[in-house]
Amino acid sequence: MNAELIERAKAYVKEKFENEFSGHDYFHTLRVFNMATHIANKENASLETVQLAALLHDVDDRKISLKTYETQANARHFLLSNGVDDETIEHICQIIREISFGGNDEAPTTLEGKCVQDADRLDAIGAIGIARAFAYGGNHNRHMYHPDIKPNLNMTKEEYRKSESTTINHFYEKLFKLIALMNTDTAIQIAKEREAYMKQFVSEFMDEWDGNR
Ligand code: ADP
Ligand code: NI
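Positions within a chain are numbered from 1, following the residues in the order the chain's sequence is written. Here every chain gets a letter starting at A, and every ligand a number starting at 1, in the order they are written. Owing to the predicted nature of the model, reporting of local features is limited to residues with pLDDT of at least 70; listing and counting of side-chain atom pairs is limited to 80 or more, with chain, interface and lining totals taken over all residues. Values reported for side chains reflect all heavy atoms of the structure, with hydrogen atoms and water molecules removed beforehand.

**Some points on the coordination of the nickel ion (ligand 2)**
Part 1 of the argument: For Na, K and Ca the donor cut-off is 3.2 Å, while for other metals it is 2.8 Å, and in both cases only N, O and S atoms qualify; water is not among them, so sites may look incomplete. Looking at the nickel ion (ligand 2), one finds its protein donor set to be His28 (NE2), His57 (NE2) and Asp120 (OD), positioned 2.1 to 2.2 Å from the metal centre.
Part 2 of the argument: Here the donor residues for the nickel ion (ligand 2) map to a single chain with the spacing H-x28-H-x62-D. In this pair, histidine 28 sits in helix H2 (residues 26–43) while aspartate 120 sits in helix H6 (residues 111–122), placing the two residues 92 residues apart along the sequence. Neither histidine 28 nor aspartate 120 differs from the other in exposure class; each is buried. Under the DSSP-based scheme used, a helix requires at least four consecutive residues in state H or I and a strand at least two consecutive residues in state E, with every element numbered from the N terminus. Residue burial is assigned from relative accessible area. The probe radius is 1.4 Å, only protein chains are included, and a residue is buried under 20% of its type maximum, exposed over 50%, and partly exposed in between.

If you want it as C-alpha cells, here you go:
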C-alpha cells in the first residue's frame, strides 16, 4: 500500500478541480474517497485500486473534460507517470468508464467498481445530497419547486439531460431511486438512513410551502 501515491493523487485532483463549481469539485472527490475507503474495508475489496479509482473518478468526466472522457487519458497519464502497473491501470480505467453518467444503470463488473460507484451515489443523497441538488438547481436556473411542474419518473437519458424540471422533482426523478441501485450491503445500510432523512426534508418542505405550520 503506497501512501505517498495516494497523497500525490489527492494533490493532482485538488489542482485539477481548483476552478470547478459544477458539483464535481475537489471536496466531492475527497468525500467519495473517504466513503469508498470505508466501504472497501467493510467489503474486503482491494484498497489501493478503490482509493485511486475514487480519487480519479471525475478527472475524465464529460462535463469537465470532453476530450478525454472516452479514453480516460487524464487518469491514465497520472497513473502511468506514477509507475502504477498496467493491470491496475486498466482496472481503474474500467471502473471510471463503468460508473460514468454516460453509461447505463448496470452494476460495475468488479467489487472494487461497486465500492466506488456506491460511494459516488451516496454523495448525492443525505444532507450533502440535498445541498448539492439545490446548488445544482441554482446554477442551472431551476425552480426549487413549482406546483404545475410534475415529476417525470420515466425519462430517457437524453430527456434527463435536457430536463427543465424543478429541484424537488429531482428527488423523485433520481435521488429516491438511488437506494435500489446500491451494490454493497454496507452502502445499502447508509443509503437507508440518508433516504429517511431526505424524505423527512421533502415532507417538511411541502408542509411549509403549503402553509401547514
Ligand atoms: P454524476 O455525474 O455524479 O452522476 P450529476 O452531474 O448527475 O452527477 O450530478 C451532480 C450533482 O448534482 C448530484 O448531487 C445531483 O443530485 C445533482 N443534480 C444533477 N442533476 C440535477 C437536477 N436536475 N436537479 C438538481 N440537482 C441535480
Ligand atoms: Ni462523482
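**Some words on H6**
Part 1 of the argument: Here H6 is twelve residues long and its end C-alpha atoms lie 16 Å apart, about the 16 Å a rise of 1.5 Å per residue gives.
Part 2 of the argument: The buried count for H6 comes to ten of twelve residues, which makes it a mostly enclosed element.
Part 3 of the argument: Residues of H6 that are buried: Glu112, Gly113, Cys115, Val116, Gln117, Asp118, Ala119, Asp120, Arg121 and Leu122.
Part 4 of the argument: Any pair of residues with heavy atoms lying within 4.5 Å of one another is described as a contacting pair. Buried residues along H6 sit in contact with H2, helix H3 (47–56), helix H5 (86–99) and helix H10 (185–209). Given the number of residues in a helix, its expected span is that number minus one, multiplied by 1.5 Å.

**Comments concerning unusual backbone geometry**
Backbone phi values are negative for most residues with the exception of glycine, while trans is the configuration of most peptide bonds.
Part 1 of the argument: With phi around 55°, asparagine 44 is a residue other than glycine that occupies positive phi space.
Part 2 of the argument: Note that asparagine 44 resides in the loop between H2 and H3.
Part 3 of the argument: We classify asparagine 44 as exposed; its relative accessible area is 68%.
Part 4 of the argument: One non-glycine residue, asparagine 141, adopts positive backbone phi at about 55°.
Part 5 of the argument: Mapped onto the elements, asparagine 141 comes out in the loop between helix H7 (126–139) and helix H8 (157–162).
Part 6 of the argument: When its relative accessible area of 72% is taken as the criterion, asparagine 141 is described as exposed.

**What to know about the nonpolar core**
Part 1 of the argument: One finds Leu56, Leu79, Leu122, Ile125, Phe171 and Leu175 to be the most contacted residues of the largest nonpolar core, which totals 53 residues.
Part 2 of the argument: Dropping the residues within four chain positions of it, leucine 56 is found in contact with Tyr12, Val13, Ala75, Phe78, Leu79 and Ile96. Among buried residues, the Ala, Val, Leu, Ile, Met, Phe, Trp, Tyr and Cys ones that are joined through side-chain atoms within 4.5 Å form a nonpolar core.

**Some details on the packing of H2 against H6**
Part 1 of the argument: Viewed as axis vectors pointing N to C, H2 and H6 meet at an angle of 135°, and their least axial separation amounts to 8 Å. Here H6 runs oblique to H2, going by the angle between their axes. By crossing handedness, the relation of H2 to H6 is classed as right-handed. Of the residues in H6, those in contact with His28, Val32, Met35, Ala36, Ile39, Ala40 and Glu43 of H2 are Leu111, Cys115, Val116, Asp118, Ala119, Asp120 and Leu122.
Part 2 of the argument: Throughout, the ten residues Ala, Val, Leu, Ile, Met, Phe, Trp, Tyr, Cys and Pro are labelled nonpolar, Asp, Glu, Lys and Arg are labelled charged, and all others, Gly among them, are labelled polar. A breakdown of the residues in the contact of H2 with H6 according to their chemical character gives ten nonpolar, one polar and three charged. Every axis corresponds to a line fitted to the C-alpha atoms, with the helix fit spanning only the stretch in contact, and the corresponding angles, defined between N-to-C directions, vary from 0 to 180 degrees. Under this scheme an angle from 65 to 115 degrees is roughly perpendicular, one under 35 degrees roughly parallel, and one over 145 degrees roughly antiparallel; angles in between are oblique. It is the rotation of the near helix from the far one that decides the hand of a crossing: anticlockwise by less than a right angle makes it left-handed, clockwise makes it right-handed.

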